[in-house]
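Inside the fold
As a plain string of letters, each chain reads:
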Number of protein chains: 2
Amino acid sequence: MGKILEVDLTSGKTEATPIDPKLARKFIGAKGYGAKILMDRVAPGTPPLSPDNLLIVMTGPLTGTLAPSSGRFSVITKSPETGIFTDGHVGGYFGPKLKFAGFDGIVIKGSSEKPVYLRIRDESCEIVDAGDLWGKGVFETDEILKTRYPGTSCGIIGPAGENLANFACISFDCGRQAGRCGPGAVMGSKRLKAIVVEPGDKRPTYTHPDRFKKLVKDLNRSLHTHPNRIKRHVLGTLVCIWEGIDGGTLPIKNYSGIDFPQILNLVPEKLWEENIWAGTTTCYACPVSCTKVSVLKKGEYKGKKYEAPEYEPTVLFGSNCLIDSYEWVTYAHILCNDLGLDAMSAGNCAGFAMECYEKGLIKPGMELKFGDGEALIRFIKLMAYREGIGDLFSKGVRKAAEAIGNDSHRFAMHVKGLELAGVDTRASYGMALAFATADRGGCHQRVWVPRAELYGKLKRFSTEGRAEFVKYNQDERAACFSLDLCDFMPFSEDQFADLLTFSTGLEFTKEEYVLAGERIWNLTRLLAVREGISRKDDTLPPRVMEEPLPAGPAKGHFISKETLDTMLDEYYKLREWDENGIPTEKKLKELGLVD
Amino acid sequence: MGKILEVDLTSGKTEATPIDPKLARKFIGAKGYGAKILMDRVAPGTPPLSPDNLLIVMTGPLTGTLAPSSGRFSVITKSPETGIFTDGHVGGYFGPKLKFAGFDGIVIKGSSEKPVYLRIRDESCEIVDAGDLWGKGVFETDEILKTRYPGTSCGIIGPAGENLANFACISFDCGRQAGRCGPGAVMGSKRLKAIVVEPGDKRPTYTHPDRFKKLVKDLNRSLHTHPNRIKRHVLGTLVCIWEGIDGGTLPIKNYSGIDFPQILNLVPEKLWEENIWAGTTTCYACPVSCTKVSVLKKGEYKGKKYEAPEYEPTVLFGSNCLIDSYEWVTYAHILCNDLGLDAMSAGNCAGFAMECYEKGLIKPGMELKFGDGEALIRFIKLMAYREGIGDLFSKGVRKAAEAIGNDSHRFAMHVKGLELAGVDTRASYGMALAFATADRGGCHQRVWVPRAELYGKLKRFSTEGRAEFVKYNQDERAACFSLDLCDFMPFSEDQFADLLTFSTGLEFTKEEYVLAGERIWNLTRLLAVREGISRKDDTLPPRVMEEPLPAGPAKGHFISKETLDTMLDEYYKLREWDENGIPTEKKLKELGLVD
C-alpha cells in the first residue's frame, strides 16, 4: 500500500508516511522492517513502558495477498519483560484489513492521558475516547466495538495490558494473540485500549499478477494432499502433543520431567472424546485451517464458541501444572485471551508458582497445588489484575524468582526473561540451542527442532549439526516472518522468494531471500547487544543444565554447560559472530548493516 | 498344561496327547509348535480343504499367564487360498480359557458328515451336533452358544466359512479373528461350526514364579508411560493411518496410488467426530487396551456395540475402494466379522473388483463403482455366500484374475495368493521385501518396516539395510508369535527370553530366543518349499514393479525388478539360503531341522 500510519498519542497527531523502498528491499517487511524502525527510532536504554517506546504493527509484502496463509502480520516493540526486541506474529484477518484500509503498518509513539482507541478506515485514523471500554475484558470490548463498527477487525488489550502485567498480550478478534513478551503492557502504558480497522476497498497489487496467481494455484494444489496440511487441519497445533510424548519433550511439573501417565487425558483426541471440540476454523486465505474451536461445559465461558486450545497453552497449563483435563486447560486458555494475558507465560508462571508453593517459598494466600484447576483459574485472574500474589508473578518468572530468592532461580524456566515455550529441552539438544539463541528469549517459533531429531533428520542426543540447523532455520524463518506467512507453510525457499518477487517486483533469488533473513537476524541481535546482551545471556535455566530428566524417552539426559558451549561455539562461528556472541564488523558490513 | 487335544471329526474320537518337551524347546509353542505338527502330519500336496489337512489351535507358553498381552494364541493350517502354511494370531480370551480348561492346543483332523461344534471343558471335549447353528451368522451363533454355555469363549465360522470362501476367517468372541488365508474355510470343510471353551480352573504354572512376577511388574510399569502404549491405547491400530499419510504408504484405489484428499475423512479422529467411537476395550492381561468399540447409525448392526475398526480394514475398504466415511468402512468391517470373511482380503478383493468393473472386464450384474459404500456392502455379502459375482471373488484376487484374464493379473494385488495388506510398497522398500518374503504371502505382520523408514532408522527409498532388518525381525517375530505375545509389546529380546525362561524353566538367552525364531522361520519356509515355492514366488504384483506412484510423498517411486533382486540376493545370503531361495542343508543342520 506504500504507506505507514504514524500515531503520536501524546500529541494526538496522526499522519501517513511513505514506505522506504530501499529498506523494504533490505528488510522485506513485517519483522525485518519493524526491527529496523525500532533500531532507528528507539534509543538503547529506553524503558519499554515509557512513551518513547514504539508499538509497531507491521504487515509484510504478502499480507492480504492471495498467497496461502497471508493473514499474517506482526507486532514489534521493546519488551517490558525481557528489555529487548520482540516480534509477535498474528494470523486472522486484522493484517489484511489494515492493508485494505490503505496502510502497510502503524507506528505508535507517545502516551495518551486518557484511555483511547484508534479507528482506522479508508487511509485515515481517528483517536477516539475509550473511557467506556477501559477495565473491560477483551471479549466484551470486541463485542461493543464490532457492534459500533460492523465488519471491523480489532486488536484489544484486556485488564492485564491495562495493569501493565509484564506478559500482557494483544488479542486480535478475540482468538489471535500478539502474545509473548508483553506488547499488551506497552499498549497499556500508552493507554491505548484498542485498534479498530474498518472494512476497506484497497487491495494489494502485484507486479507480476499472472505468475503470482499461477504460483499460488500450484501451492494451494500441492497443499491440498500434503501430509502436513492434513495433520495440521485435523489436529491443529495439538499434533505436537503426540510428538512430545514420542520424544519425551513435554514440559511436566514445571519442567521437572517426572512420570505423568495422565498425559493420556491430554492427547488431542480427548478434545473430541470430551465433546469440547466444536469445529475447526481458519485465518485469512489459509488452506490449512488448523484452529480448533471449543465449547466449555463450566465457568463463565460455558456454552459459547471460542478459538482454543493450541498446543502451547495445553501443555503449559496441562502437563506443566499436572492438570490433566481439556476442560480446565481450555478454560485457562480462553480466560487468558479474555484478560489479555499471554497464555504461554501464564502457564509457565503458574507451574513455577506451584513449585514455589510446594517448596514453601511463597505464601500466596490461597492453595496453589499442582493439579488444581480451580486454583489455576484464580491464579490467572490474580496475575491479570495484579492482585495479591498475582502481582509478583505478573512480572514473569525471572523477576519473581529475584524477589523470592532461596535458589528459586534454579527452576525459574526462562531465557533472557521470557518464559520457556512448552519443550523440555533436555530431550532436544537442538531446541536447547534454539531457546538459548532465540532473539526474543525462550521462544519456540524461531526454529523448531524436535521433529528433525525425532524423525531422523538429526541424530538424537547429539550436538551434531545443531548449530547449522538452528542458524539456517532462524535466518529462513526471519525472512518468512517478514513476508509475513505462517509457520505451517511447507514451501521451499525458492517458492517463498518467487512469491516475493512476483508480488513486489523486487527480484529475490532463494539465496537473497535467506540472506535477507540473516540480515534481519543480525539486526535483532544488534538490538539485543545494545541492551547489553551477549554470550552470558545465551544460556538455559539451571534445571536444564544440571538436573537429568528423571523419566520418559529421554530419561537421564540434560544439557551440560560443556554441551551448550560446544553448540554455541559452533553457532557463533557459523554466524561469524565473535566468541562472546557479538556480530563482527566484517559480517555486519557484508550484510549491509553498517557502512 | 502339558496336553494337546486331538480331535478326529471323521471318527468322532477325541483324546489328549502330551506336549513333547523336546519340540517345545526347539519350537517354543504356538506358531513354531503348530508349524512342526503341520510339517510332520500333513503330507505335501494335501488339498487344504480335504479331511487330511489339520486345523491346529495352539497356545504358546506365555498364553494365559500374567505376562502383558498374554491373551494371544494361534491358528495354524494349510491355506486354501495360498496352498501353503498359515498362522493367524488372535487376541481376546479364547487362548487363556483353552489353557484354563486344561489344554495347550487342539489338533483337528478329518471331517464330520454333519455340522458339529466342539464343547471343551475340564480336560475333556464333546462333539455336539450343530444342525441348528449351521447357516447362521457369527454374532447370532455366538449369542446362542453363550446363552447355552454361560461364560464361554467361542471360535465360530460364519456363512463364508461354511461356503468355503477361500479367505473365510474364524471369529473368536465376535471381534477377534484368525483372519487371513482362509482358516475358516478349512474349518468349514470339516463341517465344524464352532469351538466352545467353558470356564475352567486350571492355571499355568511357573518354574520361577517370583522372578516371573517381578519381571511382569517391571514390564507393566514400563509400559504405563511408554509412548507406544499411550499412542496405541488412544488411537489403536488406526495410528497407522497417520503414518501412512506421512509416508505415502496408504493403499489408494486398488493400490494405484492416485491423489485422495478425502483421506481427511478417514483419519482416526473422525471416528470421534462422527460419534461412531463408543469406547476402547482390551484383550486378556493387556495393559495397552487398543481395541476400538463402535456404534453404527445405519444398517443391520446399528445401535449396538462392536469391536471395530482397525487400521487394515479401514484403509482396504476405505482409501483402497475410495470410500471416505467411517460409517461405511466400519459397517463393512463388522459385516465381515459376522459373515466370517477376512476383512483385509475382502477389502483388497473389492478394490480389485471395482477396478475390473471400471475397466469393463467383468459384468457383475450390479453397479460396482469405486466410492460406493452400498455396493461394497452388497459385494461383501455376495462373496460370503458365494453368490453371483461374489463366487468368483471369494476365491481371492489371484484366482479371480486367472479367470478374468485380460492382463488383470497386473493389478491383482497379492503375493503367493494372499491379498496384500494395506501398504503401498512402492513407498516402502523394506515393506516390499517383507511382503515378497513373508511366509504366508502378502502379510504385514511378519515385520513392519514403514515406521523405521519414516522415522529415520533406515534411509528412505533405498535397499540399504533392508535385508538385515527384515531377516532379523522376521526371526524375532516368529519367536514372539510362538510365545505367543502381541505385536505391540515394545520389549527387548532379553525380556522376552526371560519371560520364557522364568515360566517354562527352559533356559533361553536372548540369542537362543532369536535363534529359535530363525529355526521356526526356516521351518515355515520348508513348508512352502515342499509345495513348490521358490525365488520365483518371492515377488510382487506387476503394478508395484512397473507403475511409478503417481502422487503423494513417495511420488515417482516403484520397486523395479533390479531393486527387488538386490534385496532378495542380500536376504537369501543372510539367511544362508541358496540363490533360488531354498534353505541350504548346512543351515538346516545348524538349526537342527535336519540331522
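Just so it is clear, the structure is predicted and the values come from calculations on it, not from any experiment.

Notes on the overall build of chain A
Regarding its fold elements, chain A presents 24 helices and 17 strands. Taking 595 residues into account, the globule formula puts the C-alpha radius of gyration at 25 Å, and chain A, at 22 Å, falls close to it. Counting only C-alpha atoms, chain A reaches 60 × 55 × 50 Å along its principal axes. Burial analysis of chain A (595 residues in total) assigns 66% to the buried set. Across chain A, every contact between residues at least 6 apart in sequence was considered, and the portion connecting residues at least 24 apart equals 69%. On chain A, the mean spot of the 77 positive side-chain charges and the mean spot of the 79 negative ones are 2 Å from each other.

Comments concerning the packing of helix 19 (residues 466-483) of chain A against helix 21 (residues 510-529) of chain A
All names here are of chain A. The interhelical angle for the contact between helix 19 and helix 21, taken along N-to-C directions, is 95 degrees, at an axis separation of 7 Å. Here helix 19 lies roughly perpendicular to helix 21, going by the angle between them. In this structure, helix 19 uses Lys471, Tyr472, Gln474, Asp475, Glu476, Ala478, Ala479, Cys480, Ser482 and Leu483 to contact helix 21, whose residues at the interface are Lys510, Tyr513, Val514, Gly517, Glu518, Ile520 and Trp521. Looking at side-chain class alone, the contact of helix 19 with helix 21 contains nine nonpolar, three polar and five charged residues.

Considerations on the domain arrangement of chain A
Residues and elements named next belong to chain A. The domain architecture assigned to chain A consists of domain 1 (3-197), domain 2 (252-412) and domain 3 (425-590). When each unit is reduced to the centre of its C-alpha atoms, the spacing between domain 1 and domain 2 is 26 Å. The interface is formed by 36 residues belonging to domain 1 together with 32 residues belonging to domain 2. The contact between domain 1 and domain 2 buries some 2,500 Å² in all, and 53% of this surface belongs to carbon and sulfur atoms. The largest share of the area that domain 1 buries against domain 2 comes from Phe139, Phe167 and Arg180, three residues that together contribute 28% of it. Seen at the junction of domain 1 and domain 2, the total is three salt bridges. Note that Glu310 is salt-bridged to Arg176, the shortest N-O span being 3.7 Å. Counting across the domain 1 and domain 2 interface gives 21 residue pairs in polar contact (both at pLDDT 80 or more). Of all the elements in the fold, those that place two or more residues in the side of domain 1 that touches domain 2 are helix 3 (94-100), helix 4 (138-148), helix 5 (159-162) and strand 11 (176-178). Considering every element that reaches the side of domain 1 that touches domain 2, the biggest residue donor is helix 5, with three residues. Per-class residue counts for the side of domain 1 that touches domain 2 are 16 nonpolar, 17 polar and three charged.

Points about unusual backbone geometry
Residue A:Asp484 is bonded to the preceding A:Leu483 through a cis peptide linkage, with omega at 10 degrees. Along the chain, the position of A:Asp484 falls in the loop between helix 19 and helix 20 (493-504). For the bond from B:Ala308 to B:Pro309, the omega torsion is -5 degrees, close enough to zero to count as cis. Position of B:Pro309 among the secondary structure elements: in the loop between strand 15 (305-307) and helix 11 (311-317).

Notes on the relation of the copies chain B and chain A
Least-squares fitting of chain B to chain A yields an RMSD of 0.0 Å, with the transformation described by 0.0 Å of translation along the axis and a rotation of 180 degrees. The transformation just described matches what one would write down for a two-fold rotation axis.

Notes on the state of the cysteines
Residues and elements named next belong to chain B. Enumeration according to the criterion identifies zero disulfides over all chains in this entry. Considering cysteine sulfurs only, Cys154 is the nearest to Cys125, which forms no disulfide, with 13 Å between them. For the unlinked cysteine Cys336, the closest cysteine sulfur is that of Cys169, found at 7.7 Å. A relative accessible area of 0% means that Cys336 is categorised as buried.

Observations regarding the pairing of strand 2 (residues 13-18) of chain B
All names here are of chain B. Bridge count between strand 1 (residues 3-8) and strand 2: six bridges; the pairing is antiparallel. Bridge pairing links Ile4 to Thr17 in strand 2. Taken together, strand 1 and the strand that follows it, strand 2, pair antiparallel across an intervening segment of four residues, in which Gly12 is found at a positive phi of about 80 degrees.

As for helix 7 (residues 209-224) of chain A
Residue and element names in this part refer to chain A. Compared with an ideal rise of 1.5 Å per residue, which puts 16 residues at 22 Å, helix 7 spans 22 Å between its outermost C-alpha atoms and is within 8% of the ideal. Of all the positions in helix 7, only Phe212, Leu215, Val216, Leu219 and Leu223 are classed as buried. Projected down its long axis, helix 7 shows its buried positions confined to an angular sector of 100 degrees, all on one face. Residues of helix 7 that are exposed and angled more than 90 degrees away from the buried face: Asp210, Lys214, Lys217 and Arg221. Contact partners of the buried residues in helix 7: helix 8 (227-235) and helix 20.

Considering the environment of A:Phe435
Residues and elements named next belong to chain A. Structurally, Phe435 is set in helix 17 (residues 429-437). For Phe435, a relative accessible area of 0% puts it in the buried group. Remark: the alpha-carbon pair of Phe435 and Val423, spanning twelve residues in sequence, is separated by 9.5 Å. Once residues lying within four places of it in the same chain are set aside, the contact partners of Phe435 are Val415, Leu420, Ala421, Val423, Thr425, Gly441, Gly442, Cys443, His444 and Leu540.

Considerations on the sheet that holds strand 2 (residues 13-18) of chain A
Residue and element names in this part refer to chain A. With mixed pairing, six strands are arranged side by side in an open sheet as 2-1-6-3-4-5. Unpaired on one side and paired on the other, strand 2 and strand 5 (85-90) mark the two borders of the sheet. On average, each strand axis in the sheet is tilted by 20 degrees relative to the strand beside it, whichever way the strands run. Relative to strand 4 (residues 73-78), strand 3 (residues 55-59) is paired through four bridges, and the arrangement is antiparallel. Directly across from Val57, in strand 4, lies its bridge partner Val75.

Structural notes on the packing of aromatic side chains
Enumeration over the complete set of coordinates arrives at 45 aromatic pairs over all chains. Ring geometry for B:Tyr571 against B:Trp577: centres 5.8 Å apart, planes inclined by 90 degrees, an arrangement best described as edge-to-face. Joined through ring pairs, the aromatic side chains of A:Phe139, A:Tyr301, A:Tyr306, A:Trp328 and A:Tyr331 make up one cluster. Between A:Arg25 and the ring centre of A:Phe508, over which it is positioned, the NZ or CZ distance is 4.1 Å. Of note, B:Lys298 hangs over the ring of B:Trp328, and the distance from its end group to the ring centre comes to 3.8 Å.

Re the pattern of salt bridges
Taken as a whole and judged by the stated rule, the model has 102 salt bridges over all chains. The residue A:Arg386 makes a salt bridge to A:Asp391 at a minimum N-O spacing of 3.0 Å. When its relative accessible area of 27% is taken as the criterion, A:Asp391 is described as partly exposed. We note a salt bridge from B:Glu518 to B:Lys587, for which the minimum N-O separation is 3.0 Å. Here B:Glu518 is found in helix 21 (residues 510-529), whereas its partner B:Lys587 is found in helix 24 (residues 585-590), with 69 residues between them in sequence. Assessed through its relative accessible area of 7%, B:Glu518 is described here as buried. Among the charged side chains, a network of salt bridges with common partners joins A:Lys471, A:Asp475, A:Glu518, A:Arg575, A:Glu576, A:Lys586, A:Lys587 and A:Glu590.

Things to note about the interface of chain B and chain A
Taken together, the contacts link 26 residues of chain B with 26 residues of chain A. For the pairing of chain B and chain A, the buried interface totals around 2,500 Å² over both sides, and the portion due to carbon and sulfur atoms is 74%. At the boundary of chain B with chain A, the tally comes to two salt bridges. In this structure, the salt-bridge partner of B:Lys231 is A:Asp246, at a minimum N-O distance of 2.6 Å. In this structure, the connection of chain B to chain A is made through six residue pairs in polar contact (both at pLDDT 80 or more). Elements with a contribution of two residues or more to the side of chain B that touches chain A: helix 8 (227-235), helix 9 (239-247) and helix 10 (269-273) of chain B. Of the residues forming the side of chain B that touches chain A, the biggest block, seven residues, is contributed by helix 8 of chain B. A breakdown of the residues in the side of chain B that touches chain A according to their chemical character gives 16 nonpolar, four polar and six charged.

Definitions and cut-offs
- Residues numbered from 1 in each chain as written.
- Chains lettered and ligands numbered in written order.
- Predicted model: local features only at pLDDT ≥ 70, side-chain atom pairs only at ≥ 80, totals over all residues.
- Heavy atoms only, no water.
- Helix = DSSP H or I, 4+ residues; strand = E, 2+ residues; numbered from the N terminus.
- Rg over C-alpha atoms; globule rule 2.2 N^0.38 Å.
- Buried < 20%, exposed > 50% of the residue type's maximum accessible area, 1.4 Å probe, protein only.
- Contact = heavy atoms within 4.5 Å.
- Lys, Arg positive; Asp, Glu negative; His and termini not counted.
- Charge placed at Lys NZ, Arg CZ, Asp CG, Glu CD.
- Axes fitted to C-alpha atoms, helices over the stretch in contact; angles between N-to-C directions.
- Parallel < 35°, antiparallel > 145°, perpendicular 65-115°, else oblique.
- Nonpolar A, V, L, I, M, F, W, Y, C, P; charged D, E, K, R; others polar.
- Domains from an automatic or database assignment.
- Buried area = accessible area lost by both parts, 1.4 Å probe.
- Salt bridge = Lys/Arg side-chain N within 4 Å of Asp/Glu carboxyl O.
- Polar contact = N/O pair within 3.5 Å; in protein donor to acceptor, adjacent residues only side chain to side chain.
- Least-squares fit on C-alpha atoms with pLDDT ≥ 70 in both.
- Disulfide = S-S within 2.5 Å.
- Pairing = 2+ DSSP bridges.
- Expected span 1.5 Å × (residues − 1).
- Arc of directions from axis to C-beta.
- Phe/Tyr/Trp six-rings, centres within 6.5 Å; stacked < 30°, edge-to-face > 60°.
- Lys NZ or Arg CZ within 6 Å of the ring centre and 35° of its normal.

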